[in-house]
Amino acid sequence: MHRQKGNDRTLSPIYVFTSRASLIALCLGLMMSISAPLSSQSLSNSTFEDIEKRAAEARDAKRLDEAATLYRQGLMLKPNWPEGDWYLGTSLYGLQRYDEARDAFRHLALSQPGNGQAWALAGMCEFELKNYPRALEYLSRAESGDLGGKEELAALVHFRVALLLNREGQAEQALIRLRPIVAAGTYPEVIEALGLATLRASLLPSEIPEQDRDL
């Protein structure tokens with residue numbers, strides 16, 4: 001793997017996911033590129049076909065507001081349209097409209113309970129909304145579901161589950177998930193999470209008082 005000169009930091013998937021500066025951009029890029037395990041369905045309605053085409057064009061051009069509007073229109077015509085739920089969710093996530101994105105991902109996950117990717121993204125939305133117990137529930141479902149072989153997504157899910165377990169007072173369970181992450185590299189966010197679990201401090205890294213961060 002490539003090493004960055006100067007700080008000798010290995011650019012592993014764990015670092016990419018836990019780096020605060022790149023997390024949102026990487027999440028969006030990952031979600032826009034994932035091919036979720038969805039069931040393709042024939043589209044018989046010409047109006048629906050037109051909406052689907054325009055929505056895909058808007059999504060590819062990163063016109064997320066337009067894409068979200070079109071996917072909503074398509075779902076009104078065809079409520080059981082898994083691709084529509086998925087891409088509506090990713091478009092709304094990119095717009096940081098996390099409550100609406102969560103609803104789209106949750107609708108997809110409930111219709112496909114084994115779809116770990118949908119549960120993962122629903123959980124990420126709940127995390128952004130600070131609905132931590134629900135985020136832990138959804139991300140735990142993602143761990144036991146099908147993540148489509150996405151190593152980076154799996155790493156992010158495990159890391160977030162560890163953070164939330166520690167926040168719930170389950171430090172030992174958090175440490176079980178953090179140890180493999182630590183083996184991949186000792187990065188600031190990982191060190192903070194490990195330190196919190198070791199000290200049995202039921203906080204997220206973002207909740208550490210500034211005066212206690214060095215400790």
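Keep in mind that this is a model prediction, so the values were computed, not measured. (Residues numbered from 1 in each chain as written. Predicted model: local features only at pLDDT ≥ 70, side-chain atom pairs only at ≥ 80, totals over all residues. Heavy atoms only, no water.)

(A) Fine view of the overall build of the protein. Across its full length, the protein carries 11 helices and two strands. In the protein, the order of α-helices and β-strands from amino to carboxyl end is β-β-α-α-α-α-α-α-α-α-α-α-α. Per-residue burial for the protein yields a buried fraction of 45% across its 215 residues. Of the roughly 10,900 Å² of accessible surface on the protein, 51% is carried by carbon and sulfur atoms. (Helix = DSSP H or I, 4+ residues; strand = E, 2+ residues; numbered from the N terminus. Buried < 20%, exposed > 50% of the residue type's maximum accessible area, 1.4 Å probe, protein only. Areas by Shrake-Rupley, 256 points an atom, 1.4 Å probe, with all protein chains shown as cover.)

(B) Representation of the side chain of Gln 117. Looking at the element boundaries, Gln 117 is found in helix H7 (residues 116-128). With relative accessibility at 1%, the residue Gln 117 sits in the buried group. Looking at Gln 117, its side chain comes within polar contact range of the main-chain oxygen of Leu 147, at 3.5 Å. (Polar contact = N/O pair within 3.5 Å; in protein donor to acceptor, adjacent residues only side chain to side chain.)

(C) Spatial organisation of the pattern of salt bridges. Counted under the stated rule, the structure contains 16 salt bridges. Ionic pairing is found between Arg 213 and Glu 210, a salt bridge with its closest N-O pair at 3.5 Å. Residue Arg 213 is classed as partly exposed on the basis of its relative accessible area of 26%. The exposure class assigned to Glu 210 is exposed, which follows from its relative accessible area of 60%. A network of salt bridges, in which partner residues are shared, links Asp 65, Arg 72, Arg 97 and Glu 100. (Salt bridge = Lys/Arg side-chain N within 4 Å of Asp/Glu carboxyl O.)

(D) Region of interest: the environment of Leu 77. Topologically, Leu 77 is positioned in helix H4 (residues 64-77). In the structure, Leu 77 is positioned 29 residues away from Phe 48 in sequence and 6.9 Å away in space, judged by C-alpha atoms. Ignoring anything within four residues of it in the chain, the contact list for Leu 77 reads Thr 47, Phe 48 and Ile 51. (Contact = heavy atoms within 4.5 Å.)

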